[in-house]
Amino acid sequence: MTLLASNRDHSFGFSISGATKVVGVFGYPVEHSLSPAMHNAAFTQLGLPYVYVPFAVPPEQIGVAVRSLSALGIVGANLTIPHKEIVLPFIDEFTQEARDIGAVNTVHIVEGRILGDNTDGRGFWEPLRERGFKVAGKTVFILGAGGAARSVVFRLAREGAHIILLNRTKERAERLASAVAEAGLGAVEVLLPGDEQACLEALLRANLLVQTTRVGMYPHTETLPEIPLAGLHPELLVYDLVYNPICTRLLSEAERRGCPTLSGVKMLVYQGAFAFQRWTGVWPPTDIMERAVLDGLLKKI
Ligand code: NAP
């Protein structure tokens, strides 16, 4: 009885049995992932017989790991660094979002087949929708052109935003702009890195700034993206995808200049919530998931 009570306090809210369903995350390394705490908190709250487990899968084993999900009866998994792209050859079917982004962050076993999805675009979008931010016809300045930027750019392009892209490596930004054009989603304006004047003018006409690079991320919390801070005007919503720290240096500079801000914590929660819904058919309590993420981040400080 005592053992069961301590299980309830510290882990899944129920004892593991033959009826327990397993989901998890494949990463390498994976020990710092906040996803187990976030998903297990939601399973406990809803009393669902699921458990979310971190799996440290070396990159050369990702095919074996994904192909074993069905045999093990594992319902699905998230994929994180370094697996999001190298897993593609082992997937049977893709959602349109995973195809657009060229990467998978969620797999789901459906009748023995492996479905690859990417929930980052929806995870990014949901906090904007919640705030009532209307994107159609607005100008969005995006910093970065990596994996996260791809999910953001495709989502915003589908919603009818005018997109301006700036990345340290211009060729990567141009490749992303071409991919958007090839998908028939319109033209993306690419800025020349180092052209401060063009960058300032673009920021001044933007309604939303989305920071998708690794700049400012723990442990380099003092770093700031190379943009003219004078472009941060009070009508600009500044959205930083970095969630550790919760308030990046960019977000503090933006707040000092009167800009409304959004941290990457909510995107992390919602990209997880869409995976949770895919696996269980149930929309999770996102407030409980957010609490678990914030607790995890505060413990890391
Ligand atoms: P990625 O594919 O490796 O792309 C990294 C991006 O950051 C590239 O645009 C890269 O520019 C740029 N960059 C890296 N170091 C830089 C530096 N010192 N100066 C200027 N630019 C630099 O990574 P990703 O998967 O897109 O992730 C990017 C960030 O988004 C990470 O901080 C990650 O935690 C965050 N993220 C958050 C969520 C969430 O749920 N909140 C989800 C996904 C990602 P180059 O092309 O020039 O190398």
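Read on for an overview of the structure. Everything quoted here is computed from the prediction, not taken from an experiment.

Reading guide: rules and limits
- Residues numbered from 1 in each chain as written.
- Predicted model: local features only at pLDDT ≥ 70, side-chain atom pairs only at ≥ 80, totals over all residues.
- Heavy atoms only, no water.
- Helix = DSSP H or I, 4+ residues; strand = E, 2+ residues; numbered from the N terminus.
- Rg over C-alpha atoms; globule rule 2.2 N^0.38 Å.
- Contact = heavy atoms within 4.5 Å.
- Areas by Shrake-Rupley, 256 points an atom, 1.4 Å probe, with all protein chains shown as cover.
- Lys, Arg positive; Asp, Glu negative; His and termini not counted.
- Charge placed at Lys NZ, Arg CZ, Asp CG, Glu CD.
- Polar contact = N/O pair within 3.5 Å; in protein donor to acceptor, adjacent residues only side chain to side chain.
- Expected span 1.5 Å × (residues − 1).
- Buried < 20%, exposed > 50% of the residue type's maximum accessible area, 1.4 Å probe, protein only.
- Pairing = 2+ DSSP bridges.
- Near = heavy atom within 4 Å.
- Nonpolar A, V, L, I, M, F, W, Y, C, P; charged D, E, K, R; others polar.
- Axes fitted to C-alpha atoms, helices over the stretch in contact; angles between N-to-C directions.
- Salt bridge = Lys/Arg side-chain N within 4 Å of Asp/Glu carboxyl O.

Moving on: the overall build of the chain. Of the regular secondary structure elements, the chain holds 12 helices and 12 strands. Relative to the globule expectation of 19 Å for 301 residues, the C-alpha radius of gyration of the chain, 20 Å, shows essentially globular dimensions. Over its C-alpha atoms, taken along the principal directions, the chain stretches across nearly 65 × 40 × 35 Å. Taking as baseline every contact in the chain between residues at least 6 positions apart, the subset at least 24 positions apart corresponds to 68%. Counting only carbon and sulfur atoms, one obtains 54% of the accessible surface of the chain, whose full area is about 14,100 Å². Of note, the chain has its 28 positive side-chain charges centred 3 Å away from the centre of its 30 negative side-chain charges.

Counting through the fold element by element, T20 comes out in the loop between α1 (2-10) and β1 (21-27). From its side chain, T20 meets the backbone nitrogen of S17 in a polar contact 2.8 Å long.

Turning to helix α7 (residues 147-158), a few remarks are in order. For α7, with 12 residues, the first-to-last C-alpha span of 17 Å sits near the 16 Å given by 1.5 Å per residue. Taken together, the buried positions of α7 are occupied by A149, S151, V152, V153, F154, L156 and A157. Backbone geometry just downstream of α7 places G160 in the positive-phi region, at approximately 85°.

As a further point, take the environment of D287. Within the secondary structure, D287 sits in helix α12 (residues 286-300). A relative accessible area of 56% places D287 in the exposed class. Separated by 222 residues in sequence, D287 and A65 have C-alpha atoms that sit 32 Å apart.

Once that is clear, we can look at the pairing of strand β7 (residues 139-143). Among the 5 residues of β7, 5 are classified as buried, and the element is accordingly described as predominantly covered. Alternating residues of β7 divide into T139, F141 and L143 and V140 and I142, and every residue in both groups is buried. Both β7 and strand β8 (residues 162-166) contribute to a ladder of 5 bridges, which runs parallel. Note on β8: the bridge partner recorded for F141 is I164. Here β7 runs beside strand β10 (residues 208-211); their pairing, made up of 4 bridges, is parallel. Bridged to V140 within β10 is L208.

In the vicinity of the ligand lie 20 residues, with A148, N167, R168, T169 and R172 positioned nearest. The contact in question runs from an oxygen atom of the ligand to an N or O atom on the side chain of T169, over 2.4 Å. At a separation of 3.1 Å, an oxygen atom of the ligand approaches a polar side-chain atom of R214. Computed on the free molecule, the ligand has an accessible area of 920 Å², of which 78% lies beneath the protein chains in the complex. Of all the secondary-structure elements, those providing two or more residues to the shell around the ligand are α7 and α11 (265-280). Per-class residue counts for the shell around the ligand are 9 nonpolar, 8 polar and 3 charged.

Here the focus is the sheet that holds strand β6 (residues 113-117). With mixed pairing, 6 strands are arranged side by side in an open sheet as β2-β1-β3-β5-β6-β4. Each having just a single partner strand, β2 (50-56) and β4 (93-94) make up the two edges of the open sheet. Bridge count between β4 and β6: 2 bridges; the pairing is parallel. Within β6, the residue paired with F94 across the bridge is G116. Of the strands in this sheet, β1, β2 and β3 (76-79) are in contact with helix α2 (residues 35-46), which crosses β2 at around 170°.

Our focus in this paragraph is the sheet that holds strand β9 (residues 188-190). The sheet built from 6 strands is open, its strands ordered β9-β8-β7-β10-β11-β12 with parallel pairing. Lying at the two open borders of the sheet, with one neighbouring strand each, are β9 and β12 (261-262). Sheet topology places β10 next to strand β11 (residues 237-240); 4 bridges connect them, and they run parallel. Looking at β11, one finds that Q211 is bridged to D240.

So, on to the environment of A254. For A254, the position within the fold is in helix α10 (residues 249-256). As for A254 and V104, which are separated by 150 residues in sequence, their C-alpha atoms are 32 Å apart. If we skip the residues at most four places from it in the chain, A254 touches L232, V238, C259 and T261.

Considering all chains together, one arrives at 16 salt bridges under this definition. Where R122 meets E97, a salt bridge forms, and the shortest distance between an N and an O atom there is 2.6 Å. Here R122, found in helix α6 (residues 120-130), pairs with E97, found in helix α5 (residues 96-101); they are 25 residues apart in sequence, far enough to count as distant. Taken together, the shared-partner salt bridges in this structure form one network comprising E97, D117, R122 and R278.

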